[in-house]
Amino acid sequence: MALRTPSRGRLTLLGIGLAIVLFLAINLLAGGLLRSTRLDLTEDGLFTLASGTKEVLRSIEEPIDLRFYYSKRLDELGPYFASYANRVDELLTEYQRLSNGKIRIERLDPQPFSPEEDLAVAEGLQGLPVHDDGTLAYFGLSGRNSTDDDQVLPYLAPERGDFLEYDLSKMIYDLSHPEKPVVAVLGDLPLMGGQFNQFNQFDQGRPWLVLDSMFQFFDVRFLGGKRDRIDDDVDIVMLAQPEHLDDATRYAIDQYVMRGGHVLAFIDPFSEAMAGASPAAGGEGDAIGAMAPLLTSWGVSIAPHEVVGDAMAAQRVTARVNGRQAVIQYLPWLALGEANLARGDVVTADLERVTLNSAGAISPTEGATTTLEPLIVSSPQVMAIDDQKLRFAPDPAALIADFAPTGEALTMAARITGPVDSAFPDGPPEGANAELAKEHLAKAKAPLNLILVADTDLLSDHTWVRQQSLLGRDIAVPIANNGDLAINALDSLHGSQGLIGLRGRGLSVRPFEVVEAMTQDAEIKFRAKEQELLGKIKDTQDKIAALQKEEQSSGVIMTSEQQAEIDDFRAEMIGLRQELRGVQRSLRQDVESLATRVKVLNIWTVPILVAVFAVGLALVRRFRAARFAHAHGADLRHGT
């Protein structure tokens, strides 16, 4: 008796059933054996723990207790919070696993008027209003070490999701390293408050955000007034635009370096943060002049009254050009990417974007005994701009028209190392404490370790941070790595490298590099011609106005030759205006053409490819069906 062959329909159902069973089995097996395995397809590896995090977790010696607060009421607002909370929970579980149990996690759901809510409020978490009746929800993290030092992330904002790993690791690092290095800040930069924001409003007394991270990692001291000596327990001196140094304070800095001290210096030829409301204003002090003896002894110089203008890195701003609002490059405001940052130095190796405003250029002095290693450099499309052109009503279009690139990149931040001699070879300055002469050092005990940045505006909030509001809370979202640069520099000078690799990951700004490059090329190519045509148009208008004024003042009617001359001038002006419109159109036609091509690619190319694939698949199936029918027809004809 012949076996009965199952029908094609039954075989299909059986295959589907086996596929489902196999799928479930693979998922169960993977869930048990591959719990710690991840596939991260993001550009910055945002879901892959960095080596810095693993180093921090391995270095934990005492237990750290974390409380993860998440109100389930936030689920009512949709998957926005729920999915992010799940990500936080998974990351905390991974931290716990890699710390070999040194991290202990407690998960709490603070319901209204519950002990958990009281605990959340006591630990400083921010409540989020979720109902009109005033009910609050909580989404944050608190931590405590074995010596009762505590840290808190009052609100785990989904908007800061790209920085989640850094925020968590920073908290754990701080709890596991309760003794902080001492950073002494000396200078006139108003870091503790007083700056103009991006809306040109003065924020009185609000500390700059870069200080938040400095306070997290360092014991920060502000040195004011005259200093005869810098204490030996100071690990790093941070010079922040010291414009009013006397000889005694200069000598204190000099001898600190001679004793082997480390220095991070922000020295700016034109500090907009100090100047006031806009680049049109000007500061009264001169940090370069005040620091000149020390800079010379360290083998470096910063060109006074000159700022770097870079056509390739220039940011685009809204300005009034030729009587109308326009978006145009402003050469002294720079957005510098990976090509401008030293990849071989831990300070800048992991940074993506640094923004500088009116920065200066650093160069070694002749006969210097130190070595200058650039950290931030410009492109070759660069020139020095006199800061007087920026102090009073700067004209972006005029700067572009006068732009003449030197073809040589300039250094705006550098590491300077090597043996140095004192800037005071004859001892303390006149009038100094006599006891200082006994301790005087003419040569440094250890090689100089200095990081010099020829800009101070990069520390100002509006240069690198944007504020976002969610549920009544202001969230600071970095758009550049300026804060990371400052903290990395301090970490590097102190010698702790654990968190440097975490900073600079996942910036929220993704510039359209091709579009920006095309726009920059067009600016340089056409702005000079635009200014030339505008000058000719103004000359023509002046000639017409002069002839008309002559007629009005003399009372004599113009001759036919004079009227013809005016007509010729007007015809010339019309031609110049038409040429000007063509130049202005050229400024944007390449970008508009690219935008059109991208739209075509997005709107039509993919659907066409899908359609072509579908048609091809249908033809293949038809061809296979025809071959199958032909083969079986031949078998029937042969009686098989």
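Basis of the calculations
Residues numbered from 1 in each chain as written. Predicted model: local features only at pLDDT ≥ 70, side-chain atom pairs only at ≥ 80, totals over all residues. Heavy atoms only, no water. Core = buried A, V, L, I, M, F, W, Y, C linked by side-chain atoms within 4.5 Å. Buried < 20%, exposed > 50% of the residue type's maximum accessible area, 1.4 Å probe, protein only. Contact = heavy atoms within 4.5 Å. Helix = DSSP H or I, 4+ residues; strand = E, 2+ residues; numbered from the N terminus. Expected span 1.5 Å × (residues − 1). Pairing = 2+ DSSP bridges. Axes fitted to C-alpha atoms, helices over the stretch in contact; angles between N-to-C directions. Phe/Tyr/Trp six-rings, centres within 6.5 Å; stacked < 30°, edge-to-face > 60°. Polar contact = N/O pair within 3.5 Å; in protein donor to acceptor, adjacent residues only side chain to side chain. Parallel < 35°, antiparallel > 145°, perpendicular 65-115°, else oblique. Left-handed = near helix turned anticlockwise from the far one by under 90°. Nonpolar A, V, L, I, M, F, W, Y, C, P; charged D, E, K, R; others polar.

1. Thoughts on the nonpolar core
Nonpolar side chains in soluble globular proteins tend to be buried together.
Phase 1 of the analysis: In this structure, Phe139, Leu191, Ile376 and Leu459 are the most contacted members of the largest nonpolar core, which totals 84 residues.
Phase 2 of the analysis: Not counting residues up to four positions away in its chain, the partners in contact with Phe139 are Phe68, Tyr69, Tyr70, Leu74, Phe81, Tyr84, Ala85, Val88, Pro154, Tyr155 and Leu156.
Phase 3 of the analysis: Residues Ile230, Val237, Ala252 and Ile288 belong to the second largest nonpolar core, which totals 36 residues.

2. Focus: helix α3 (residues 79-98)
Phase 1 of the analysis: The end-to-end C-alpha separation of α3 is 28 Å, in line with the 28 Å expected for 20 residues at 1.5 Å each.
Phase 2 of the analysis: Of the residues making up α3, those classed as buried are Phe81, Tyr84, Ala85, Arg87, Val88, Leu91, Leu92, Glu94 and Tyr95.
Phase 3 of the analysis: Positive phi shows up at Asn100, right after α3, with a value of about 55 degrees.

3. Digging into the sheet that holds strand β15 (residues 324-336)
Phase 1 of the analysis: On the basis of which strands lie adjacent, the open sheet formed by three strands has the order β14-β15-β16 and antiparallel pairing. Each of the sheet's edge strands pairs with one partner strand only, and the pair in question is β14 (314-321) and β16 (354-357). Within the sheet, the average angular offset between the axes of one strand and its neighbour, ignoring direction, is 50 degrees.
Phase 2 of the analysis: In terms of strand pairing, β15 meets β16 through four bridges, oriented antiparallel. Bridge pairing in β16 links Leu334 to Leu356.

4. Here's the deal with the packing of aromatic side chains
Phase 1 of the analysis: One pass over the full model with this rule turns up nine aromatic pairs.
Phase 2 of the analysis: With 6.2 Å between their ring centres and 55 degrees between their planes, Phe68 and Phe139 make a pair best called tilted. Residue Phe68 is found in strand β1 (residues 64-70), and its partner Phe139 is found in strand β4 (residues 136-144); the two are separated by 71 residues along the sequence.
Phase 3 of the analysis: Exposure remark for Phe68: the relative accessible area of 6% places this residue in the buried category.
Phase 4 of the analysis: Overall, Phe139 belongs to the buried group, its relative accessible area being 0%.
Phase 5 of the analysis: Aromatic pair Phe81 and Phe139: ring centres 6.4 Å apart, planes at 75 degrees, arrangement edge-to-face. Of the two residues, Phe81 is situated in helix α3 and Phe139 in strand β4; the sequence distance between them amounts to 58 residues.

5. A word on the side chain of Asp345
Phase 1 of the analysis: The residue Asp345 is located in the loop between β15 and β16 in this model.
Phase 2 of the analysis: One polar contact links the side chain of Asp345 to the main-chain amide nitrogen of Val347, over a distance of 2.9 Å.

6. Focus: unusual backbone geometry
Phase 1 of the analysis: The phi dihedral of Gln241 falls on the positive side, at around 50 degrees, and the residue is not glycine.
Phase 2 of the analysis: Position of Gln241 relative to the elements: it lies in the loop between β10 (236-240) and α7 (247-258).
Phase 3 of the analysis: Given a relative accessible area of 1%, Gln241 falls into the buried group.
Phase 4 of the analysis: The residue Ser358 is not glycine, and still its phi comes out positive at about 55 degrees.
Phase 5 of the analysis: Along the polypeptide, Ser358 turns up in the loop between β16 and β17 (362-364).

7. Quick word on the packing of α3 against helix α5 (residues 164-176)
Phase 1 of the analysis: Contact pair α3 / α5: the axes reach a minimum separation of 11 Å and the direction vectors enclose 45 degrees. The angle between α3 and α5 falls in the class oblique. In the packing of α3 onto α5, the handedness of the crossing is right-handed. Taken together, the residues of α5 that come into contact with α3 (itself represented by Tyr84, Arg87, Val88, Leu91, Leu92 and Tyr95) are Leu164, Glu165, Leu168, Ser169 and Ile172.
Phase 2 of the analysis: Looking at side-chain class alone, the contact of α3 with α5 contains eight nonpolar, one polar and two charged residues.

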